[in-house]
Amino acid sequence: MKKQPKNKVLFLIPVGVILAGAVIFLCTRGNENDSVCKENVARLQALENSDISQTEEQLQALKQTTGISSGSDASDGSDASDGSGSTLLSDVEIRQVFAGNVIIGDSITESIVEYGYLDTDVVISKRGLNVGAADDQISTAIALNPSHVFMAFGSNDLEIYGSASSEFIDAYRTQIKKIQTALPDVPIYINCILPITDEAIAQTPDLGYYPDYNEGLIKLCQEMGCTFIDNSTIVTDSSENLYEPDGEHVIQDYYPKWLTNMAQIAGLKA
């Protein structure tokens, strides 16, 4: 049985509270006069009960006037990027751009919900799922009549098919055909299998076939008129280790980068 990532707990802190604290901190250091500080804090307090989209816009405007970045924009004080120089979508923008779309996959995909980025009306997933056993998930996705379909399988399939990558591709083709038959005008995007660490491959040699699987997926996309999404540089070019201890699953920091990459390739706009 595949090793699963440890349980994840998401602590959500209103960004307005963070910014308010930062504004007050700057005031105490003499960077703002009293009247401006009081005005900015009052504006932040007023945002607590306002519409979420309006709140996001007003917070952005306030950040520009105070020079403060929220945690959604950067974790280290620099501009947030997906690793390719592109600005990451904020949490609010992620929900906006993926509304009306679906992402189908296994435990790696499931963590999008566990970390609170999207809900089950967009993410259709199951821990331990392989593409050949995803009939129920495909049916659910079709019933939602999405504008775009994103698929992300392969992690579990490697241990099922091993060196027989063609069998994996055949199973993937079958599921794509179901979607294309039911939703002929809906574009389908196929995510790559992420690189797997040498340590993980040493423990489970079948995981080492992931490059063959990705090559098969590229050809399958060309055959079926789908779009292949290569997310590998997100982990390979990152300055931090984005892997869970199992060397296969990824930590939370990966997800906004992944979601931003999918949205950009599909042309999704907030």
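Let me begin by describing the structure that accompanies this report. Throughout, a residue's number is its position along its own chain's written sequence, starting from 1. Local features are withheld for residues below a pLDDT of 70 in this predicted model, meaning they are given only at 70 or higher, and side-chain atom pairs are given and counted only at 80 or more; totals for whole chains, interfaces and linings count all residues. In computing side-chain properties, one takes all heavy atoms of the structure into account and sets aside hydrogens as well as water.

**Focus: the sheet that holds strand β4 (residues 188–191)**
The strand order β2-β1-β3-β4-β5 describes an open sheet built from five strands, whose pairing is parallel. Edge positions in the sheet fall to β2 (123–125) and β5 (227–229), since each of these pairs with one other strand and no more. Strand after strand, the sheet turns through a mean of 20 degrees between neighbouring axes, direction not considered. Pairing between strands requires that DSSP locate at least two bridges from one strand to the other. Elements are defined by DSSP. Helices are runs of H or I of four residues or more, strands are runs of E of two residues or more, and each kind is numbered from the N terminus. When strand β1 (residues 102–105) meets β2, the two strands line up parallel, connected through three bridges. Looking at the pairing, I103 lines up with V123 of β2. It only takes one pair of heavy atoms within 4.5 Å for two residues to be counted as in contact. Axis definition: a line fitted to C-alpha atoms, limited for helices to the stretch in contact. Angles are taken between N-to-C directions and run from 0 to 180 degrees. Lying on the sheet, helix α5 (residues 107–114) is in contact with β1, β2 and β3 (149–152); it crosses β2 at an angle near 135 degrees.

**Observations regarding the packing of aromatic side chains**
Within 6.5 Å between ring centres, the rings of Phe, Tyr and Trp (the latter by its six-membered ring) count as paired, and their orientation is classed by plane angle as stacked under 30 degrees, edge-to-face over 60, tilted in between. All told, the structure shown has ten aromatic pairs when counted by the stated rule. Summarising the aromatic geometry, the rings of F153 and Y172 are spaced 6.0 Å apart at their centres and angled 80 degrees between planes, so their arrangement reads as edge-to-face. Here Y172 lies in helix α8 (residues 165–182) and F153 lies in the loop between β3 and α7 (157–161), a separation of 19 residues in the sequence. Note on classification: 1.4 Å probe, protein chains only; a residue is buried when its accessible area is under 20% of the maximum for its type, exposed when over 50%, partly exposed between these limits. When its relative accessible area of 2% is taken as the criterion, F153 is described as buried. With a centroid separation of 4.8 Å and an interplanar angle of 25 degrees, the aromatic rings of F168 and Y213 are classed as stacked. One end of the pair, F168, is in helix α8; the other, Y213, is in helix α10 (residues 210–224), with 45 residues separating them in the sequence. Under the relative-accessibility criterion, Y213 is labelled buried at 0%. Among the aromatic residues, those joined into a ring-pair cluster are F153, Y161, F168, Y172 and Y213.

**Examining the nonpolar core**
One broad rule of soluble globular proteins: the nonpolar side chains tend to lie buried together. Nonpolar core, defined: a set of buried Ala, Val, Leu, Ile, Met, Phe, Trp, Tyr and Cys residues in which side-chain atoms within 4.5 Å join the residues together. By size, the foremost hydrophobic cluster in this structure holds 34 residues, and its most contacted members are I104, M151, F168, Y172, I176 and I190. Secondary-structure elements contributing two or more residues to this core are β1, α6 (135–143), β3, α7, α8, β4 and α10. Once residues lying within four places of it in the same chain are set aside, the contact partners of I176 are M151, I188, I190, L220, M224 and C226. In this structure, I112, Y115, V235 and A263 belong to the second largest nonpolar core, which totals 31 residues.

**Section: the packing of α5 against helix α12 (residues 254–266)**
Two numbers describe how α5 lies on α12: the axes approach to 11 Å, and their chain directions differ by 105 degrees. As far as their axial angle goes, α12 and α5 are roughly perpendicular. For the pair formed by α5 and α12, the contact residues are I108, T109, S111 and I112 on the first element and Y255, W258 and L259 on the second. Side-chain classes follow a simple rule in which Ala, Val, Leu, Ile, Met, Phe, Trp, Tyr, Cys and Pro form the nonpolar group, Asp, Glu, Lys and Arg form the charged group, and the remainder, Gly included, forms the polar group. Among the residues making up the contact of α5 with α12, the classes are represented as five nonpolar, two polar and no charged. Angles below 35 degrees are treated as roughly parallel, those above 145 as roughly antiparallel, those between 65 and 115 as roughly perpendicular, and all remaining angles as oblique.

**Points about the pattern of salt bridges**
We define a salt bridge as a side-chain nitrogen of Lys or Arg found within 4 Å of a carboxyl oxygen belonging to Asp or Glu. In the structure shown here, the tally under the stated rule is six salt bridges. Between K178 and D135 there is a salt bridge; the shortest N-O distance is 2.8 Å. A residue pair is termed long-range when its members are at least 10 positions apart, and K178 in helix α8 and D135 in helix α6 qualify at 43 residues. The residue E223 makes a salt bridge to R173 at a minimum N-O spacing of 2.8 Å. One end of the pair, E223, is in helix α10; the other, R173, is in helix α8, with 50 residues separating them in the sequence.

**A short note on the environment of L158**
Examined against the element boundaries, L158 turns out to sit in helix α7. Judged by its relative accessible area of 0%, L158 is buried. Spatially, the C-alpha atoms of L158 and T204 are 9.7 Å apart, while their sequence positions differ by 46 residues. With sequence-adjacent residues up to four places away left out, L158 is seen in contact with I193, I196, D206, L207, Y209, Y210 and Y213.

**Observations concerning empty space enclosed by the protein**
The method is simple in principle: a probe with the dimensions of a water molecule rolls over the atoms, and the space it marks as empty is what remains. Cavity means a closed set of points on a 1 Å grid over the protein atoms alone, one where a 1.4 Å probe fits but cannot get out, pocket means an open set with protein on both sides within 12 Å along at least 5 of 7 lines, and lining means a residue has an atom within 4 Å of a point. Grid points are joined across faces, edges and corners, and a volume is the space filled by probe spheres set on the points. Overall, the coordinates contain one cavity of 30 Å³ or more when judged by the stated rule. As for the largest cavity, its lining consists of 16 residues, of which I108, S155, C192, I193 and L194 are closest to the centre. Looking at the lining of the largest cavity, the elements that each hand over two or more residues are α5 and α12. Counted by class, the lining of the largest cavity contains nine nonpolar, five polar and two charged residues.

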